[in-house]
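# Structural overview
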Amino acid sequence: AIKHGVNYFDTAYPYHGHQSEPFLGQAMKKYPRESFYLASKLPMWYLKKEADVARYFEEQLERCQVEYFDFYLMHAQDKNIFEKYNE
């Protein structure tokens, strides 16, 4: 894909049986990190406490084998999840 001009890659913790992030991380190791944009998503439904946000973020960086994400999105944010964390 990179050879054809694609420079944005989007993944998430649960995609493809939890294997998308590790697969993408391994595949992208041969390219300079600054040559592509990488997005992943916080799995909101797994959060039990505030500290889980940082834990999942760090774990996802490891899984993707990168030092940073260009975009980090809230995955499956809905009214119930929003209300749960804003009580």
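To be clear, the structure that these remarks concern was listed above.
Residues numbered from 1 in each chain as written. Predicted model: local features only at pLDDT ≥ 70, side-chain atom pairs only at ≥ 80, totals over all residues. Heavy atoms only, no water.

### Side note on the packing of aromatic side chains
Enumeration according to the criterion identifies ten aromatic pairs in this entry. When the centroid spacing of 5.9 Å and the interplanar angle of 20° are considered together, the rings of Tyr 46 and Tyr 56 count as stacked. In this pair, Tyr 46 is assigned in the loop between β2 (37–43) and α3 (51–64) and Tyr 56 in helix α3, connecting sequence segments ten residues apart. Taking the relative accessible area as the measure of exposure, Tyr 46 reaches 26% and is therefore partly exposed. (Phe/Tyr/Trp six-rings, centres within 6.5 Å; stacked < 30°, edge-to-face > 60°. Helix = DSSP H or I, 4+ residues; strand = E, 2+ residues; numbered from the N terminus. Buried < 20%, exposed > 50% of the residue type's maximum accessible area, 1.4 Å probe, protein only.)

### Notes on the sheet that holds β2
Read across the sheet, three strands follow the order β1-β2-β3 without closing on themselves; strand pairing throughout is parallel. Of all strands in the sheet, those with a lone pairing partner are β1 (8–10) and β3 (71–75), marking the two edges. Taken over all neighbouring pairs, the strand axes of this sheet differ in orientation by 25° on average, direction set aside. Bridge count between β1 and β2: three bridges; the pairing is parallel. Bridging from a neighbouring strand, Phe 9 pairs with Leu 38 of β2. (Pairing = 2+ DSSP bridges. Axes fitted to C-alpha atoms, helices over the stretch in contact; angles between N-to-C directions.)

### A short note on the pattern of salt bridges
Using the criterion set out here, one finds five salt bridges in the structure. Among the ionic pairs, Asp 10 bridges to Lys 41, the shortest N-O distance being 2.3 Å. Taken together, the residues span a long stretch of sequence, with Asp 10 in strand β1 and Lys 41 in strand β2 at a distance of 31 residues. Of the residues examined, Asp 10 reaches a relative accessible area of 32% and is grouped as partly exposed. (Salt bridge = Lys/Arg side-chain N within 4 Å of Asp/Glu carboxyl O.)

### Comments concerning unusual backbone geometry
Positive phi values are uncommon outside glycine, yet His 16 reaches one of about 50°. Along the polypeptide, His 16 turns up in helix α1 (residues 15–18). Take His 16: its relative accessible area is 68%, and that puts it in the exposed class. One non-glycine residue, Gln 65, lies in positive phi territory at about 60°. Here Gln 65 shows up in the loop between α3 and β3.

So far we have only geometry, and geometry alone does not tell us how the molecule works.
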